[in-house]
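Below, each chain spelled out in residue letters.
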Amino acid sequence: MRNQKKLLTEPDKLIRIAEKWGTPTYVYDEQVIRDRCGTLRSLFPDLPVSWLYAVKANDNPHILNIIREEGFGFDTVSYEEVLLCKKIGAKSRDIFYTENNMTDSEMAGAVRDGVVLNIGSLGRLESYCRSYPKTECSIRIKPDISDGHHSKVDTGNEDSKFGIRMDLLPEAQSIAKSHSVKISGIHAHIGSGIQKPENLLAEIDTLLEASGHLDDISFINFGGGMPIPYRPPDEDFDLLHFRDLAGKRLAGYLKNKNGAIRFFFEPGRWVVGPAGLLLTQVNTVKDQGRKVFLGTDTGFNHLLRPALYDAYHEVANISRITEPGKTYDVAGNICESGDILAVDRTLPETKTGDFLAILDAGAYGMTMASHYNRRALPAEILIRRDGGSKIVRKRLTAEQTIEAFLKDTRYQPKESS
Ligand code: LLP
């Protein structure tokens, strides 16, 4: 019944959504998102732990608003994400902006908006302190502990572009001091889709230790990275075990500390990944000899993860209840041979017109979608708590897509004869 759970709702309901709104369409489930937020919120009842949602995982404003209502703040990584969070009603103090090669004007915007600025290089720290003396900021360190589901997303390693080297912390402190700036927060993020929870625990130890070298720390942010199971028989991340081990460390730290300290985690994938799927329709079934391809109306322009990270997403044929018995590759409609969404999957015998659901696509699906091959983006539908569904992003037609493109490029269209 694994698929049933991951399908979010009855196959018939998904088919009705596909028929009503067309495909390709991302479908999200509000209740699943709320439940997952609730699980995290109740994890450390006796500790000063708060949760920030990593906006980059899924930035649909309806989803951000649900997560805000669940009491989460936001981890943002661009000034655009900061502006978006403000537009959905997040308070400035609940928005963390972890900069990465930020420009001066983005810095000015962040300061104007009063968000918590998390600085990842000595150069930027220097320019911040010079421009805004007698203020506060947070710094991101490079912990030299790294993990992630793919080398492209492990961020804490020695050669990573992110964060300030640990041996430069005294220098960071003295830059801040010379401008009367308080370094009130310290942060690290070791990677996404962490494979070994021990690495996250080691990072926690490192941050707790490092915070002792800074004088004015009032919060410590351990980043995100909690994995979700994509490929059977992957197990769920053992949250309770993690809670026990992390909780012990945090409680121990607080014992020796006078003064208020807050802790933050900033998960993205764990919150929304299992809460979304991508609906697509098969329009070609093609036997190429060694492989049989199911050709669909989506592709890596809509779900980049398989092409970029060799990521695995389960695929279900929601139009057939017959037993799986055929092996297929699921192909996209993009003009590149790497546009394969799933390889060697056993599915029921599939026909042109069948609908497929690509599962666990709520995180880093739509946010990484592009207009490659000049195609439209997918629609997005939210299944509400009352079971009804609403459209939270419409799909443009081909004509509207081109119209919008010509408008943005300021090209004056000519009529073809
Ligand atoms: N905090 C920071 C500073 C981050 O850079 C990230 C993710 C997160 C939190 C949230 O990580 P999560 O809890 O979602 O693992 N596109 C890739 C994932 C890239 C993640 C980038 N940073 C994928 O599809 O797997």
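Per chain, residue numbering runs from 1 following the sequence as it is written. Note on the predicted model: pLDDT of at least 70 is required for a residue's local features to be given, and 80 or more for side-chain atom pairs to be given and counted; whole-chain, interface and lining totals, by contrast, use all residues. Only heavy atoms go into the side-chain values, all of them from the structure, while hydrogens and water stay out.

## Things to note about the domain arrangement of the protein
Residue ranges assigned to each domain were obtained from an automatic or database domain assignment. Examined at the domain level, the protein breaks down into domain 1 (4-8 + 273-408) and domain 2 (30-270). A straight line from the C-alpha centre of domain 1 to that of domain 2 covers 32 Å. Every contact between the two is made by 25 residues of domain 1 and, on the other side, 26 residues of domain 2. Taking both sides of the interface into account, the surface hidden between domain 1 and domain 2 amounts to around 2300 Å²; carbon and sulfur atoms contribute 57%. A pair is scored as a salt bridge if a Lys or Arg side-chain nitrogen falls within 4 Å of a carboxyl oxygen belonging to Asp or Glu. Our count for the contact surface shared by domain 1 and domain 2 stands at 1 salt bridge. Whether two residues are in contact is decided by their heavy atoms: any pair within 4.5 Å suffices. Put simply, buried area is how much 1.4 Å-probe accessible surface two parts lose in total, over both of them, once they are put together.

## Things to note about the environment of D75
Along the chain, the position of D75 falls in strand β3 (residues 73-76). Through-space distance from the C-alpha of D75 to that of G362 is 17 Å; in sequence the pair is 287 residues apart. With near-sequence residues (within four places) excluded, D75 lies in contact with L52, Y53, A54, V55, K56, E81, F96, T98 and E266. We count a stretch as a helix when DSSP gives it H or I for four or more residues in a row; a strand needs E for two or more, and each element gets its number in order from the N terminus.

## Some details on the layout of surface pockets
Here the largest pocket defines a volume of roughly 690 Å³. As for the largest pocket, its lining consists of 34 residues, of which K56, T155, H189, S192 and Y364 are closest to the centre. Contributing elements (two or more residues each) for the lining of the largest pocket: α11 (269-272) and α12 (305-309). Residues that form the lining of the largest pocket fall into these classes: 10 nonpolar, 13 polar and 11 charged. Residues from two domains meet in the lining of the largest pocket; each of domain 1 (4-8 + 273-408) and domain 2 (30-270) gives at least three. For each structure, a 1 Å grid was placed over the protein atoms alone; sets of points admitting a 1.4 Å probe that cannot get out are labelled cavities, open sets with protein on both sides within 12 Å along at least five of seven lines are labelled pockets, and lining residues have an atom within 4 Å of a point. Grid points are joined across faces, edges and corners, and a volume is the space filled by probe spheres set on the points. Gly is put with the polar residues, along with every residue not named as nonpolar or charged; the nonpolar set is Ala, Val, Leu, Ile, Met, Phe, Trp, Tyr, Cys and Pro, and the charged set is Asp, Glu, Lys and Arg.

## Looking at the pairing of strand β18 (residues 389-393)
DSSP calls a pair of strands paired once it identifies at least 2 bridges connecting them. Where strand β17 (residues 379-383) meets β18, 4 bridges bridge the pair, whose relative direction is antiparallel. The residue bridging I383 from the neighbouring strand is S389, located in β18. Counting the residues between successive antiparallel strands, the hairpin from β17 to β18 contains 5 residues, one of them, G387, with a positive phi of roughly 95 degrees.

## Examining the packing of helix α9 (residues 197-211) against helix α10 (residues 239-255)
The relative placement of two packed helices is expressed as an angle between their axes plus a distance between the axes. Each axis is a line fitted through C-alpha atoms, taken for helices only over the stretch in contact, and angles between the N-to-C directions span 0 to 180 degrees. Interaxial distance between α9 and α10 falls to 10 Å at its minimum, and their mutual angle equals 10 degrees. With respect to α10, the axis of α9 lies roughly parallel. Contacts between α9 and α10 involve L200, L201, I204, D205, L208 and S211 from the first element and F242, L245, A246, R249, L250 and Y253 from the second. Here the contact of α9 with α10 is built from residues that sort into 9 nonpolar, 1 polar and 2 charged. Orientation categories follow fixed angle ranges, with anything under 35 degrees roughly parallel, anything over 145 roughly antiparallel, 65 to 115 roughly perpendicular, and all other angles oblique.

## With respect to a negative patch on the surface
A surface patch of negative charge is lined by D234, E235, D236 and D238. Within the element layout of this structure, D236 appears in the loop between β9 (219-221) and α10. Exposure above 30% relative accessible area and the absence of a salt bridge qualify a residue for a patch, where like charges join within 9 Å and nonpolar side chains (Val, Leu, Ile, Met, Phe, Trp, Tyr) within 5 Å. Each accessible area value is a Shrake-Rupley result obtained with a 1.4 Å probe; residue values ignore everything except the protein chains displayed when judging cover. The sign given to each residue is positive for Lys and Arg and negative for Asp and Glu; His and the chain ends receive no count. In plain terms, the charge of a residue is placed at NZ if it is Lys, CZ if Arg, CG if Asp and CD if Glu.

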